[in-house]
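This is what each chain is made of:
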Amino acid sequence: MKFFVDTADIGEIRDLAETGLLDGVTTNPSLVAKTGRDFIDVIKEICSVVDGPVSAEVAATDYQTMVDEGKKLADIADNVAIKVPLTMDGLKACRTISQSGSMVNVTLCFSPVQALLAAKAGASFISPFVGRLDDIGHDGMELIEQIVDIYENYDTITTEVLVASIRHPMHVVEAARLGADVCTVPPDVLRKLALHPLTDKGLAAFLADWEKTGQSIL
Ligand code: E4P
């Protein structure tokens, strides 16, 4: 499974990219607003740090303006994935933008049939939001299971299931068990994935015992 980071914070992206664990980045208008920076500058800088797909979301809601904005965003770098909302206009824009050769990430997906439409529209990625479904008492992971099952039924579907709105490590575990292609994970959750108290405890014991030997490897 691929790991994307869900942030527009370039400091966090640089730091995580250095681990070699990062396959891409997703941003959205709320994450960009948090940075207080110019949108185009932010995307340009992220693309200079990360080779994998970098999702940049259109701000328009009508077909033609989405396509025009998509074109401008796609010109920033080859690895920009244009993010469009899962509306009829968004799906129409997805078709046009993907036919022009750019990757498209269809976002704000909350049902399996929406995911089916995105695949039909030629999306490179579908972004089902698991956390926001959990927040209203639904089961976000059930949606992932349904989408993965449906996509597996059709050889012609190449759309990748990009699990979004991740809140905690168990979302990542479940997404991987279900065979999702990508998880986009907030930086703090991504760091938590490496943590285990027994790892810390075991390491402390090994270091204490090593100290007793009085040796050094280098
Ligand atoms: C995905 O691309 C979105 O940016 C993101 O995962 C939304 O997450 P949220 O529900 O925590 O805002």
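Use the structure listed above.
Reference entry: report on the structure contained in this document. Every chain begins its residue count from 1, and numbering advances along the sequence as written. For a predicted model such as this one, the threshold for reporting local features is a pLDDT of at least 70, and the threshold for listing and counting side-chain atom pairs is 80 or more; totals across whole chains, interfaces and linings nevertheless cover every residue. Each side-chain value is worked out from all heavy atoms of the structure, with water and hydrogens disregarded.

## A look at the overall build of the chain
Looking only at helices and strands, one finds eleven helices and eight strands in the chain. Referenced to the eigenvectors of the C-alpha coordinate spread, the extents of the chain come out at roughly 70 × 35 × 35 Å. Burial here depends on accessible area, computed with a 1.4 Å probe over protein chains only, as a share of the maximum for the residue type. Under 20% is buried, over 50% is exposed, and the range in between is partly exposed. Looking at the chain as a whole, 45% of its 218 residues are labelled buried. Taking the contacts inside the chain whose residues are at least 6 apart along the sequence as the reference set, 56% of them involve residues at least 24 apart. For the chain, the computed accessible surface area is about 11500 Å², with 55% contributed by carbon and sulfur atoms. His residues and chain termini do not enter the charge count, which takes Lys and Arg as positive and Asp and Glu as negative. Charged side chains are reduced to one point each, which is NZ for Lys, CZ for Arg, CG for Asp and CD for Glu. Looking at the chain, you have 18 positive and 32 negative side-chain charges, and the mean spots of the two groups are 2 Å apart. Helix numbering and strand numbering both begin at the N terminus, where a helix is a DSSP run of H or I of at least 4 residues and a strand a DSSP run of E of at least 2. Here, two residues are considered to be in contact whenever any of their heavy atoms come within 4.5 Å of each other. Per-residue and other accessible areas were derived by the Shrake-Rupley procedure at a 1.4 Å probe size, with only the shown protein chains allowed to occlude residues.

## Quick notes on helix 5 (residues 88-99)
Here helix 5 contains twelve residues, and its C-alpha end-to-end distance of 17 Å stays within 8% of the 16 Å for a straight helix at 1.5 Å per residue. If you check which residues of helix 5 are buried, you get Gly90, Leu91, Ala93, Cys94, Ile97 and Ser98. Around the axis of helix 5, the buried residues are gathered within 160° of arc, so they sit on the same side. In helix 5, the exposed positions angled more than 90 degrees off the buried face are occupied by Met88 and Gln99. Where helix 5 is buried, its residues meet helix 4 (63-74), strand 4 (80-85), strand 5 (103-109) and helix 6 (112-120). Phi turns positive one or two residues past the end of helix 5, at Gly101, with a value near 105°. An expected span of 1.5 Å times one less than the residue number is assigned to each helix. Along the arc lie the directions from the helix axis toward the C-beta atoms.

## Examining the nonpolar core
Remark: nonpolar core denotes a set of buried residues (Ala, Val, Leu, Ile, Met, Phe, Trp, Tyr, Cys) joined through side-chain atoms within 4.5 Å. If you look at the biggest cluster of nonpolar residues, it comprises 60 residues, and the most contacted ones within it are Val80, Val84, Val106, Ile126, Val161 and Val163. Per-element tally for this core: the top contributor is helix 8 (residues 140-152), with six residues.

## A look at the pairing of strand 3 (residues 54-57)
Alternating positions in strand 3 separate into two faces, Val54 and Ala56 on one and Ser55 and Glu57 on the other, with burial throughout. With two bridges connecting them, strand 2 (residues 24-26) and strand 3 associate as parallel partners. Residue pairing in the sheet places Thr26 in a bridge with Ser55 of strand 3. Judged from the four bridges that link them, strand 3 and strand 4 form a sheet pairing that is parallel. Along strand 4, the bridge assignment pairs Glu57 with Lys83. Place the viewer so that the strands point away; then a crossover is right-handed whenever the path from the first strand over the helix to the second strand goes clockwise. Traced from strand 3 through helix 4 to strand 4, the parallel crossover comes out right-handed. Paired strands, as defined in this entry, are two strands with at least two bridges between them according to DSSP.

## Looking at a nonpolar patch on the surface
Excluding any residue in a salt bridge, patches collect residues exceeding 30% relative accessible area, merging like charges within 9 Å and nonpolar Val, Leu, Ile, Met, Phe, Trp and Tyr side chains within 5 Å. Throughout this description, the term salt bridge denotes a Lys or Arg side-chain nitrogen within 4 Å of a carboxyl oxygen of Asp or Glu. Side chains of Val113, Leu116 and Tyr154 sit close together on the surface and give an oily, nonpolar patch of about 280 Å² of accessible area. With a relative accessible area of 35%, Leu116 lands in the partly exposed category.

## Observations regarding the pattern of salt bridges
One pass over the structure, following the stated rule, counts eight salt bridges. The partner of Arg14 in a salt bridge is Glu45, and the shortest N-O contact between them spans 3.1 Å. You can see Arg14 sitting in helix 1 (residues 10-17) and its partner Glu45 sitting in helix 3 (residues 39-49), a full 31 residues away along the chain. The shortest N-O distance in the salt bridge between Arg167 and Asp135 comes to 2.6 Å. You can see Arg167 sitting in the loop between strand 7 (160-163) and helix 9 (169-178) and its partner Asp135 sitting in helix 7 (residues 130-135), a full 32 residues away along the chain. Assessed through its relative accessible area of 38%, Arg167 is described here as partly exposed. Residue Asp135 is classed as exposed on the basis of its relative accessible area of 53%. Within this structure, Glu12, Asp15 and Arg191 form a network of salt bridges that share partners.

## Comments concerning the site of the ligand
Around the ligand, the neighbouring residues are Asp6, Thr26, Asn28, Lys83, Phe129, Arg132, Ala164, Ser165 and Arg167. Think of a polar contact as two N or O atoms within 3.5 Å of one another; within protein, one of them needs to be a possible hydrogen donor and the other a possible acceptor, and neighboring residues in sequence only count if both atoms come from side chains. Side-chain polar atom of Arg132 to an oxygen atom of the ligand: 2.7 Å apart, as the coordinates give it. Relative to its unbound accessible area of 340 Å², the ligand is 86% covered by the protein chains. With respect to the detected pockets, the ligand is housed in the largest pocket. Think of it as three bins: nonpolar holds Ala, Val, Leu, Ile, Met, Phe, Trp, Tyr, Cys and Pro, charged holds Asp, Glu, Lys and Arg, and polar takes everything else, Gly as well. For the shell around the ligand, a count of residues per class yields two nonpolar, three polar and four charged. Any residue with a heavy atom lying within 4 Å of a molecule or strand is counted as near it. A cavity here means a set of points on a 1 Å grid, drawn over the protein atoms and nothing else, where a 1.4 Å probe fits but cannot get out; a pocket is an open set with protein on both sides within 12 Å along at least five of seven lines, and a residue lines either one if it has an atom within 4 Å of a point. Throughout, a molecule is located in a cavity or pocket provided that more than half of its atoms lie within 2 Å of its grid points.

Keep in mind these numbers describe shape, not what the thing actually does.
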